[in-house]
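Chain and residue survey
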Amino acid sequence: EQTFNGLVSIVRNTNGEATKNLSGPVGVISMGAELARNDQTALLVFMAVISLNLAVINALPLPGLDGGQMAFIIVEVLSGRPVPQRIQESVNRAAILLLLLLSGSLLVGDIEKLGSMANVMEKP
């Protein structure tokens, strides 16, 4: 439910607040490292939540992910013929490009957050 609510808030984002709370791989590793230093039990819960979130997102009917492949199979079952390979490849390429752009922007945001944290820590 939390994953779904988070996705809905990102899609409905009108004031930019939802995107401020997004983290890419650097942010996730940073949070995990902080939990590892402070609370081993919380780290295990964090890893379980990340794993479940990845499973849910992977199952969404988004092209380029497993759910997207399931969507193509459902279309094939309903229509009685497969979606042409060229269309599947084009849709998957476009989706993967968008996912890579999103990942890149999250990575840049993570690096900016780390830079601002370093500036805060340097000031006396």
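Residues numbered from 1 in each chain as written. Predicted model: local features only at pLDDT ≥ 70, side-chain atom pairs only at ≥ 80, totals over all residues. Heavy atoms only, no water.

**Quick look at helix α5 (residues 66-79)**
Helix length check: α5 (14 residues) gives 20 Å between terminal C-alpha atoms against 20 Å at 1.5 Å per residue, within 8%. Among the residues of α5, Gly67, Gly68 and Phe72 are the ones counted as buried. The arc that holds every buried residue of α5, seen down its axis, measures 150 degrees, which confines them to one face. With its phi angle positive at about 85 degrees, Gly80 sits one or two positions after the end of α5. (Helix = DSSP H or I, 4+ residues; strand = E, 2+ residues; numbered from the N terminus. Expected span 1.5 Å × (residues − 1). Buried < 20%, exposed > 50% of the residue type's maximum accessible area, 1.4 Å probe, protein only. Arc of directions from axis to C-beta.)

**A short note on the environment of Leu65**
With respect to the element layout, Leu65 can be found in the loop between α4 (40-59) and α5. With residues up to four places along the chain from it excluded, the contact list for Leu65 reads Ile57, Asn58 and Leu99. (Contact = heavy atoms within 4.5 Å.)

**Considering the side chain of Gln88**
Here Gln88 lies in helix α6 (residues 85-122). Those residues in contact with Gln88 that lie beyond four places of it in its chain are Gln69, Phe72 and Val83.

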